[in-house]
Amino acid sequence: MSKEIGITVKKAEDFSEWYNQVVLKAELADYASAKGFMVLRPYGYQIWEIIQSVLDCEFKKLGHRNAYFPALIPESILKREAEHFKGFVPEVFWVTEAGDNRLGERLAVRPTSETIAYSSYSKWIRSWRDLPLLLNFWNSVMRAEIKSTKPFLRTSEFLWQEGHTAHATKEEADEETMKILNLYKWFIEEYLAIPVLAGCKTEREKFVGALYTTTLEAIMPDGKALQMGTSHNLGQNFSKVFEIKYLGQDKQEHYVWQTSWGVSWRLIGAVIMVHGDDKGLILPPKIAPIQVVVIPIFYKDKPNEKLASKAKEITTTLQQNGIRAFCDDREEYTPGWKFNDWELKGVPLRLEIGPRDLEKHTVTFALRDTGKRVEVDESSAAERAKALLEELQKRLKARAESMLKELSSTADSYDEFKRILSTKGGFIKAGWCGDQACEASIKEDTGADIRVVPFEGDPSIQRCVYCGKEAKITAYFARAY
RNA sequence: GGGGUCGUCGGCUAGUCUGGUCUAGGCUACAUGGCUUGGGCCCAUGUGAUCGUGGGUUCAAAUCCCACCGACCCCA
């Protein structure tokens, strides 16, 4: 086996290097020429398109429409909500010139679109009949990452979607916040096959400018947590600043209640880390650009033409059955080379068809996750492929669930807390008194912070893991990406 | 925020310590032809490198010095 083409390190031995190699060698992404930026290559983009199409469809089912706002935001607008501005300004890129002319007012490259969107919302919303306003934007945002960039996880520009809604009441905004969080949870668990913890962020960790932030957190194999998506209830913080008011049925003027929410291409990073193995990527079938790769196995002095047309025919049949299938009939590569290549790229199911199969009217499936081979009757290929893909999807999810379980602990004392962190890491369930000083000290001390406060507390946890006072809150701590 | 490692054909690298046949070597990839094909076949020929960028030292710089740019890793 040629070392240079495949992954040269073991996932368990050098996780960081393994991750970088998978990203580059599976041709998902490449480094760009500007610091901190990343090129999303066609194969990676295809995954993003699938994520995008599923979520887009669900957003629309819930009544959202897409819109597009400019990438540049005048400083005066970005500044309007003081807390928000303070939170983002360290990582804002600024445009100061247009051609040879210095701009009168500098323009921020959007780090997120609340401000630019809401300066329009204030013009569009007049009456209770204009509500709710349910919009979503598919775009990219830029946040200057000075240090430690990592493909998909930490880059200065990233693709995402950001939803921005306006409602008449707090209750409606609460409901919207949760509706989207649940949609994200469903998508991440069912499509990406990654289990997540759901709950709220603490005051310290919430989105700057939000009333509260709900979040989904997953655990990675190295014991670090990854934020998968957030959904914020913005309250009336922005509506008051941007004067987004409506005349209610009560003939009174009211400020709207708002939400914003988003997931990014970071999800792809999570898929790589959670499911991949020493051979490379393993894509959950539901988001795999190629679900089944068909590989005809040619021999000298054998009916290769018939084999080639049979392979094409089977590929077409699979496609007609709603399977994303691709026939790799390149003659310049040997089957073994192709096997390795498609395994590196994470294609969940391989269909081999050679002279032996041709004679017996069978095809041979090989499963990416277990490596097992299954010989099936040619006529049932599509049906069996569907079943195998479904099972594979379930196995990936089950495996990720047991990893989450393995990397979840409960700490009764601060010593135990630190001991867990220094060994396996992962989520640590512990009590918290609710004092920000304790939260900050733990972060300072250990590098771990509160990733999520679950919606349901654990009544058996009674003491703050740091100060020992009464635990008002059950929290999940972890080091994070 | 703090510390560290590194930058040479598309990829991996030899050469750098000790400046000089380096006119920069190898593997891989790529191209062409042939041969093969159920786990990264084999043979031949060929393409491909402003040695990250800029400056300095020197008769002479991939090699020594300075600055910058970029990548990666670890710690908080």
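Note that the structure is predicted; figures quoted are calculated from it, not measured.

Chemist: Can you walk me through the environment of methionine 38 in this structure?
Modeler: Mapped onto the fold, methionine 38 is located in strand β2 (residues 38-40). The exposure class of methionine 38 is buried, given its relative accessible area of 12%. With 111 residues separating them along the chain, methionine 38 and threonine 149 place their C-alpha atoms 9.6 Å apart. Non-local contacts of methionine 38, meaning those with residues more than four positions away in its chain, are made with Ala29, Asp30, Ala32, Pro151, Phe152, Thr155 and Trp265.

Chemist: Can you help me understand the sheet that holds strand β18 (residues 362-367) in this one?
Modeler: Strands in a sheet are paired, the pairing made by backbone hydrogen bonds, and the direction either parallel or antiparallel. The sheet built from five strands is open, its strands ordered β16-β15-β17-β18-β19 with mixed pairing. Each end of this open sheet is capped by a strand with a single partner; those strands are β16 (325-327) and β19 (373-377). Pairs of neighbouring strands in the sheet enclose a mean axial angle of 25 degrees, with direction left out of account. Relative to strand β17 (residues 349-353), strand β15 (residues 292-296) is paired through five bridges, and the arrangement is parallel. Opposite valine 293, over in β17, you have arginine 350 as the bridge partner. Its contacts with the sheet place helix α10 (residues 335-344) against β15, β16, β17 and β19, and it is angled at close to 170 degrees to β15.

Chemist: What exactly am I supposed to notice about the domain arrangement of chain A here?
Modeler: Size of an interface: often given as the accessible area lost when the parts come together. Considered domain by domain, chain A is made up of domain 1 (15-275), domain 2 (290-391) and domain 3 (409-478). Domain 1 and domain 3 are separated by 28 Å when their C-alpha centres are compared. With 19 residues of domain 1 at the contact, the number on the domain 3 side is 18 residues. Carbon and sulfur atoms make up 65% of the surface buried where domain 1 meets domain 3, a total of about 1,400 Å² over both sides. Of all residues in domain 1, the largest losses of buried area upon contact with domain 3 belong to Leu197, Thr202 and Arg204, amounting jointly to 37% of the total for that side. Across the contact surface, domain 1 and domain 3 share one salt bridge. We note a salt bridge from arginine 451 to glutamate 217, for which the minimum N-O separation is 3.1 Å. In terms of residues, the side of domain 1 that touches domain 3 owes the most to one element, strand β10 (residues 212-219), which gives five residues. By residue class, the composition of the side of domain 1 that touches domain 3 is eight nonpolar, six polar and five charged.

Chemist: What should I look at first to understand unusual backbone geometry in this one?
Modeler: In most cases, non-glycine residues show a negative phi, while peptide bonds are predominantly trans. Cis peptide bonds are those with omega within 30 degrees of zero, and the linkage from leucine 131 to proline 132 qualifies with -5 degrees. Tracing the sequence through the fold places proline 132 in the loop between α5 (114-124) and β7 (133-142). In this structure, glutamate 27 is a non-glycine residue whose phi angle is positive, near 60 degrees. Here glutamate 27 lies in the loop between α1 (15-25) and β1 (29-31). Positioned with a positive phi, glutamate 243 is a non-glycine residue whose angle comes to about 60 degrees. Assignment of secondary structure puts glutamate 243 in the loop between α7 (237-242) and β12 (245-247). Judged by relative accessible area, which is 39%, glutamate 243 ranks as partly exposed.

Cut-off values and rules
Residues numbered from 1 in each chain as written. Chains lettered and ligands numbered in written order. Predicted model: local features only at pLDDT ≥ 70, side-chain atom pairs only at ≥ 80, totals over all residues. Heavy atoms only, no water. Helix = DSSP H or I, 4+ residues; strand = E, 2+ residues; numbered from the N terminus. Buried < 20%, exposed > 50% of the residue type's maximum accessible area, 1.4 Å probe, protein only. Contact = heavy atoms within 4.5 Å. Pairing = 2+ DSSP bridges. Axes fitted to C-alpha atoms, helices over the stretch in contact; angles between N-to-C directions. Domains from an automatic or database assignment. Buried area = accessible area lost by both parts, 1.4 Å probe. Salt bridge = Lys/Arg side-chain N within 4 Å of Asp/Glu carboxyl O. Nonpolar A, V, L, I, M, F, W, Y, C, P; charged D, E, K, R; others polar.

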